[in-house]
Each structure stands twice: as structure tokens, then as C-alpha cells.
Amino acid sequence: MDKADLRIAVLMGTKDGAAFIDEQVQSLLAQSHPLIDLWISDDGSNDGTIAIIEAWKPRWTKGRLTLVDGPRQGFAANFRSMLLDRRIDADCYAFSDQDDVWEPDRLETAIRWVQAFDAGIPLMFCSRTSTMTETGSLVGYSPLFQQPPSFRNALVQSIAGGNTILLNRAARDLLAGASARTGFVSHDWWAYLIVTGAGGIVRYDPRPLVRYRQHAANLVGANVSWPARISRLGRLFKGEFAGWTDLNLAGLALNREILTKDAAACLDLFAKGRQGSLFQRLGALRKSGVYRQTLAGTLGLYLAFVLGRI
């Protein structure tokens, strides 16, 4: 199939996004790829978000624009509801936030990579992001990761925002099946875990394909400054990541049958490394081979294990 014939479903979660959603939808309409169905799940907006979406319906010329009611249980549950919605049928699926701006070839770049593989292989494309202020001024970039994406990395790190992810149908079906059994911390981290754990392939593109809008309320979200990175390190040592890891491991346990033998063995060693004596923990962690994308991050991981914070 020619890439121009592939139908893409863009899954956008919204909640009180009236200030910026118009610019985001404009960037979706400006995509070089011609066939895009836009599905928007609104999670209980009280501003003008719904009116803006309704005004876009007759102007959306790339496919269908469908507005649905979200579950109103937070952003993760909202994206989960779209993953489970079998009305959404396409060749590939891309997640979207409500206030970013996509580069015009964001989807085309991902699709070009996807088409190099057999359609039966679960595939996930993601990329680096650039970061902008609320007014649109560029202020930096997300970290440029060099290590290969893998399940051993996914156990301790989510390498890309959901706003950069595109899944082929095989990956989406895999993720939907796994998500039917459990909730998750965040859709981007969960997708990385499930696709790599089941033997799929993940591509991390070093080129920033999405402009992520940084708000005052989420100053650490983009992880582009030293204060942001220090804040994340502080959350690690406070044990916040341990709670997230608990949820990830519980979800993986409910989906163990989809894991490859290698992923299941790694998972067991990693879980074992969170218990026992200090030497038992460090031994299991080393044997598992889990890693973060930087040397400093991996050293921090080992220190967090020593302190029982992950």
C-alpha cells in the first residue's frame, strides 16, 4: 500500500484546552499526510474547548473529526478509553496533546519508517521534541538519547512523550488488549513497555517533530533544564518512581503471556532486585541488564536501588 493511502487515526485528549487547541488542530490539518481521522475525547472541559472543536468539524478536510465524552478520571484513563474504543479503525494510530504544534511532516516521517517493516510486527515510532513557551517561543529540546530502545530501558524509563508516538495496527491491537486488563501510569510509558516486551520494534527519531508547549504548571515536564532534571532526581529519591514502578509491574504481571521469554526473565530479575538484602538487590539488578539512557541516569538508578527508592 502506498503511504498516501494509509489512514491515520489521531487520538487527542482534551481538558480545558481552549487557549491553544485551535493552533494544534491547525498543525494537524497542515500535515503532509492526506488521510487523517481526528478523534477527540474531551474529559469534562468547562471553557470553550467544545465550541472550538465543533467549529472545526466542517473545516476538517482530511477525513472524519469525531468528538466523544471522556471518562473524566484523568489523562491516562482518557487515552486508555480511546485505545479501547473499537470504533476507531485505521492503519496507524498517533497520540496527540491539545496544546502542542506538530511539524508538517511529523506523521509522514513516522509512516515512512513503518512501511519498511512487515505489517504483522508491532511497531512504535517516537521522537525528540522541541520546547516552547506558552507564547510559542522556542526555549530548548528534550534530551537526545543515544542508547537503543528496549524493554530493559522501558522498565526504568519512558524515552518519549505520547505526543510523539505513532503505532501501527499490530502495536495498537497489542496495546489495546493489554490495556483492557489494567490501567497504567501514562500511555507513553505503557506503550513503550508493551511493544518492547512483546518483541516489537521501537524507533526513536533524534529530530524534534513536535513543539511541546511548556506551561507554568508543568515546569519539569519537558526535562530540558538542569532545575527540571534535579527536580526529577528528587522525585526519584523520594520514592515517587517506586509507586509508578509498582503499577507498571502489576500491569505487566497481568499481561505476562504476551512477553517474550527474554523480557519475562528480565522482568523477574528486575522485580527480584527490588527485594532482599543490598547485595541481592544489586546482583539481580546487574544481571537483569536494565539501564537508563545516560551513564549518570544509570548510576542514579543503582543508587536508588541501594536506597530502596525504586
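Notes on the structure in this doc start here. (Residues numbered from 1 in each chain as written. Predicted model: local features only at pLDDT ≥ 70, side-chain atom pairs only at ≥ 80, totals over all residues. Heavy atoms only, no water.)

Let us now look at a nonpolar patch on the surface. Side chains of Leu278, Phe279, Leu303, Val306 and Leu307 sit close together on the surface and give an oily, nonpolar patch of about 480 Å² of accessible area. Only helix H11 (278–288) and helix H12 (295–306) provide two or more residues apiece to the nonpolar patch. Along the polypeptide, leucine 307 turns up in the segment after H12. What makes leucine 307 partly exposed here is its relative accessible area of 47%. (Patch = residues over 30% accessible without salt bridge, like charges linked within 9 Å, V, L, I, M, F, W, Y side chains within 5 Å. Areas by Shrake-Rupley, 256 points an atom, 1.4 Å probe, with all protein chains shown as cover. Salt bridge = Lys/Arg side-chain N within 4 Å of Asp/Glu carboxyl O. Helix = DSSP H or I, 4+ residues; strand = E, 2+ residues; numbered from the N terminus. Buried < 20%, exposed > 50% of the residue type's maximum accessible area, 1.4 Å probe, protein only.)

In this section: the packing of H11 against H12. H12 packs onto H11 with a crossing angle of 150° between their chain directions and a minimal axis gap of 9 Å. The handedness of the crossing between H11 and H12 comes out as right-handed. For the pair H11 and H12, contact is made by Leu278, Arg281, Leu282, Leu285 and Arg286 and by Leu301, Tyr302, Phe305 and Val306, respectively. Considering only residue class, the contact of H11 with H12 consists of 7 nonpolar, no polar and 2 charged. (Axes fitted to C-alpha atoms, helices over the stretch in contact; angles between N-to-C directions. Left-handed = near helix turned anticlockwise from the far one by under 90°. Contact = heavy atoms within 4.5 Å. Nonpolar A, V, L, I, M, F, W, Y, C, P; charged D, E, K, R; others polar.)

Attention now moves to the nonpolar core. Counting residues in hydrophobic clusters, the biggest one holds 51 residues, and the most contacted among them are Met124, Leu155 and Leu252. Of all the elements, helix H7 (residues 187–197) adds the most residues to this core, at 7 residues. Leave out the neighbours within four places in its chain, and leucine 155 touches Trp189, Leu193, Leu249, Leu252, Cys266, Leu267, Phe270 and Val290. One finds Met12, Leu107, Trp113 and Phe125 within the second-largest nonpolar core, a separate group that totals 27 residues. (Core = buried A, V, L, I, M, F, W, Y, C linked by side-chain atoms within 4.5 Å.)

Moving on, we get to the pattern of salt bridges. The full count for this structure, using the stated rule, is 16 salt bridges. Of the charged contacts, one joins arginine 211 and glutamate 103 as a salt bridge, the two residues approaching to 3.0 Å between their closest N and O atoms. Of this pair, arginine 211 sits in strand S9 (residues 201–213) while glutamate 103 sits in the loop between strand S5 (101–102) and helix H4 (106–114), and the two are 108 residues apart along the sequence. One salt bridge connects aspartate 205 with arginine 203, and the closest N-O pair in it is separated by 3.6 Å. Note on aspartate 205: relative accessible area 9%, which makes it buried. Connected through salt bridges with shared partners, the residues Arg7, Asp37 and Arg64 form a single ionic network.

According to the stated counting rule, one finds 7 aromatic pairs in the structure shown. Ring geometry for phenylalanine 145 against tyrosine 204: centres 5.8 Å apart, planes inclined by 45°, an arrangement best described as tilted. Placement of the pair is phenylalanine 145 in the loop between strand S7 (138–141) and helix H5 (151–154) and tyrosine 204 in strand S9, with a sequence separation of 59 residues. For the pair phenylalanine 145 and tyrosine 204, one class covers both residues: buried. Through a chain of ring-to-ring contacts, the aromatic side chains of Trp113, Phe117 and Phe125 assemble into a single cluster. Over the ring of tryptophan 56 we find arginine 59, and its NZ or CZ is 3.8 Å from the ring centre. (Phe/Tyr/Trp six-rings, centres within 6.5 Å; stacked < 30°, edge-to-face > 60°. Lys NZ or Arg CZ within 6 Å of the ring centre and 35° of its normal.)

Between helix H6 (residues 169–181) and H7, whose axes approach to 10 Å, the crossing angle comes to 110°. As far as their axial angle goes, H7 and H6 are roughly perpendicular. Between H6, through Ala171, Leu174, Leu175, Ala178 and Ser179, and H7, the contact on the second element is made entirely by Trp190, Ala191, Ile194 and Val195. Residues belonging to the contact of H6 with H7 are distributed by class as follows: 8 nonpolar, 1 polar and no charged. (Parallel < 35°, antiparallel > 145°, perpendicular 65-115°, else oblique.)

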